[in-house]
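Examination of the molecular architecture
Residue strings, one per chain:
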Amino acid sequence: MNSALFGVDGKTVLISGAGGGIGRAMVQTFREAGANVIGADRDESLLEGLDLAGQVLFDQANPKATRASIERYLAAHGAPDAVVANAGFTRAELLEQLDDDVWADEMAINLGGAYALTDPIIAAMAARGSGSLVFISSVNGLSHYGNPAYAAAKAGLIAYSKAIAVERGRHGVRANVICPGSVRTPAWDHRLVNDPSVLDNVLPHYPLGRMVVPAEVANAAVFFCSDASSGITGTVLPVDAGLMAGNLRFVDDVLRGK
Ligand SMILES: NC(=O)c1ccc[n+]([C@@H]2O[C@H](COP(=O)([O-])OP(=O)(O)OC[C@H]3O[C@@H](n4cnc5c(N)ncnc54)[C@H](O)[C@@H]3O)[C@@H](O)[C@H]2O)c1
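Our subject in this report is the structure included herewith. Here, residues in each chain are numbered from 1, in the same order as that chain's written sequence. Confidence filtering applies because this is a predicted model: local features only for residues at pLDDT of at least 70, side-chain atom pairs given and counted only at 80 or more, and all residues used for totals across whole chains, interfaces and linings.

Now for the overall build of the protein chain. Secondary structure elements are taken from DSSP: a helix is a run of H or I of four residues or more, a strand is a run of E of two residues or more, and numbering for both begins at the N terminus. If you tally the helices and strands in the protein chain, you get 8 helices and 7 strands. Computed over its C-alpha atoms, the radius of gyration of the protein chain comes to 18 Å, within 12% of the 18 Å expected for a compact globule of 258 residues. For the protein chain, the C-alpha atoms occupy an extent of roughly 60 × 50 × 35 Å along the three principal directions. Each residue gets a C-beta atom placed from its backbone, and two residues are in contact if those atoms lie within 7 Å. Counted over contacts in the protein chain with a minimum sequence separation of 6, partners at least 24 positions apart contribute 72%. Our radius of gyration looks at C-alpha atoms and nothing else; its globule reference is 2.2 Å times the residue count to the power 0.38.

Shown next, in the form of structure tokens:
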């Protein structure tokens, strides 16, 4: 077995949401695995301190601006070897916090923007005959844990990724999805402001007895961008400390009578 297969040495990998909690761990992990990383985010200040070979700036809620920035990048540099579509956002926790505008915003950032980001890159990858895409969805896209508009968008990423896998596979383009469980990143800050003990309430749901950490999500993304996964496309991988395996709370509360 050639262990170099599991790295991304010399590959160019574009990571969106590079300045966020998972994004920063992605940049570091991909650098350690040998990649040249292009960081994408809303503005330059978010990318400060990252070891990047380049950057692309856009507001992913605006599909025209997103597509235009990516097309400028492609015209100058050509298609990256891989993309991790990682940018995401949610605030509307429950159905009663939704209205048409909130629904449209969360769909735009999480689904429409991911399409606008990846569509021109996929065309360039297909013309070259190779490329790997990784979409950072969520366990919310697999089962209901709140955040309904975000969840619908994250489920949409799974369908979109499968479309790419099926329709662009003959052109050498692969697409896979990672569904993280709860990860302590700045995305949780607003919940901690409301309830400083919220993370204690999260833990009893997770079979591993802990949340996953950003580097664990990044490790799975490296695998999907590496040649070790060359036969894998159209899949959905939870990185969720076992949440999707079953209902630990039911086992503990009902069957063990804790
Ligand atoms: N943290 C979790 O518990 C968790 C769980 C499952 C899935 N996820 C997903 O993982 C990904 C990374 O999340 P995170 O926890 O690192 O969150 P984060 O808030 O720390 O980072 C999100 C990143 O996305 C960028 N972003 C947000 N809106 C944008 C926009 N309109 N245009 C461009 N960029 C924008 C932010 O600037 C930031 O860099 C997201 O897609 C999120 O949905 C997170």
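A few words now on helix α1 (residues 21-32). The first and last C-alpha atoms of α1 sit 17 Å apart over 12 residues, in line with the 16 Å expected at 1.5 Å per residue. Close packing links the buried residues of α1 with β1 (12-16), β2 (36-41), β4 (82-85), β5 (131-136) and α7 (214-225). Gly 34 occupies a position one or two residues after α1 and carries a positive phi of about 100°. To estimate the expected span of a helix, count its residues, drop one, and scale the result by 1.5 Å.

The next point concerns helix α3 (residues 100-128). Helix length check: α3 (29 residues) gives 40 Å between terminal C-alpha atoms against 42 Å at 1.5 Å per residue, within 8%. Axes are fitted to the seven residues ending at a residue and to the seven starting at it; the angle between these axes is taken as the bend at that residue. Of all the bends in α3, the greatest measures close to 45° and is centred on Ala 108. Within two residues after α3, Gly 129 carries a phi angle of roughly 100°, on the positive side.

So, on to the site of the ligand. Nearness rests on one distance test: the residue's C-beta atom, set from the backbone, must lie within 6 Å of the molecule or strand. The full set close to the ligand counts 25 residues, and Gly 17, Gly 20, Gln 60, Gly 88 and Thr 185 are the nearest of them. At 3 residues, the largest contribution of residues to the shell around the ligand is made by α1. The nonpolar class holds Ala, Val, Leu, Ile, Met, Phe, Trp, Tyr, Cys and Pro. Asp, Glu, Lys and Arg form the charged class, and all remaining residues, Gly among them, are polar. For the shell around the ligand, a count of residues per class yields 11 nonpolar, 11 polar and 3 charged.

Here the focus is the nonpolar core. Buried Ala, Val, Leu, Ile, Met, Phe, Trp, Tyr and Cys residues whose C-beta atoms connect them within 7 Å together make up a nonpolar core. Whether a residue is buried, exposed or partly exposed follows from its count of other C-beta atoms within 10 Å of its own C-beta, namely 20 or more, 12 or fewer, or something in between, respectively; the C-beta atoms are built from the backbone. If you look at the biggest cluster of nonpolar residues, it comprises 63 residues, and the most contacted ones within it are Val 13, Ile 15, Met 26, Phe 30 and Ala 221. The biggest single contributor to this core is α7, with 8 residues.

Next up on the list: the sheet that holds strand β3 (residues 54-57). Note on pairing: two strands pair once DSSP finds at least 2 bridges between them. If you trace the 7 strands from one edge of the open sheet to the other, you get β3-β2-β1-β4-β5-β6-β7, paired in parallel fashion. Two strands bound the open sheet, and with one partner strand each, they are β3 and β7 (236-239). Taking each pair of neighbouring strands and ignoring which way they run, the sheet shows an average axis angle of 20°. Sheet topology note: the β5/strand β6 (residues 173-180) ladder contains 6 bridges and is parallel. Paired with Phe 135 across the strands is Val 177, a residue of β6. Here an angle of 0 to 180 degrees is reported between the N-to-C directions of two axes, which are lines fitted to C-alpha atoms, with helices fitted over the stretch in contact. Relative to β6, helix α4 (residues 148-168) is tilted by about 160°, and along the sheet it contacts β5, β6 and β7.

Next up on the list: the pairing of β1. Burial of β1 is extensive: 4 of the 5 residues sit out of reach of the surface. Of the strand pairs in this sheet, β1 and β2 are connected by 5 bridges, and their pairing is parallel. Looking across to β2, one finds that Ile 15 is bridged to Gly 39. For the crossover from β1 across α1 to β2, the handedness is right-handed. Sheet topology places β1 next to β4; 3 bridges connect them, and they run parallel. Think of it like this: strands point away, you trace from the first strand over the helix to the second, and a clockwise trace means the crossover is right-handed.

With their axes 9 Å apart at the nearest point, α3 and α4 run at an angle of 15° to one another. Classified by the angle their axes make, α3 and α4 are roughly parallel. For the crossing formed where α3 meets α4, the hand is right-handed. Contacts between α3 and α4 involve Val 102, Trp 103, Glu 106, Met 107, Asn 110, Leu 111, Ala 114, Tyr 115, Ile 122 and Ala 126 on the former and, on the latter, Ala 149, Tyr 150, Ala 152, Ala 153, Lys 154, Gly 156, Leu 157, Tyr 160, Ile 164 and Arg 168. Among the residues forming the contact of α3 with α4, the class breakdown is 15 nonpolar, 2 polar and 3 charged. Convention used here: angles under 35 degrees read as roughly parallel, angles over 145 as roughly antiparallel, angles from 65 to 115 as roughly perpendicular, and any remaining angle as oblique. Should the near helix be turned counterclockwise from the far one by less than a right angle, the crossing is left-handed, whereas a clockwise turn marks it as right-handed.

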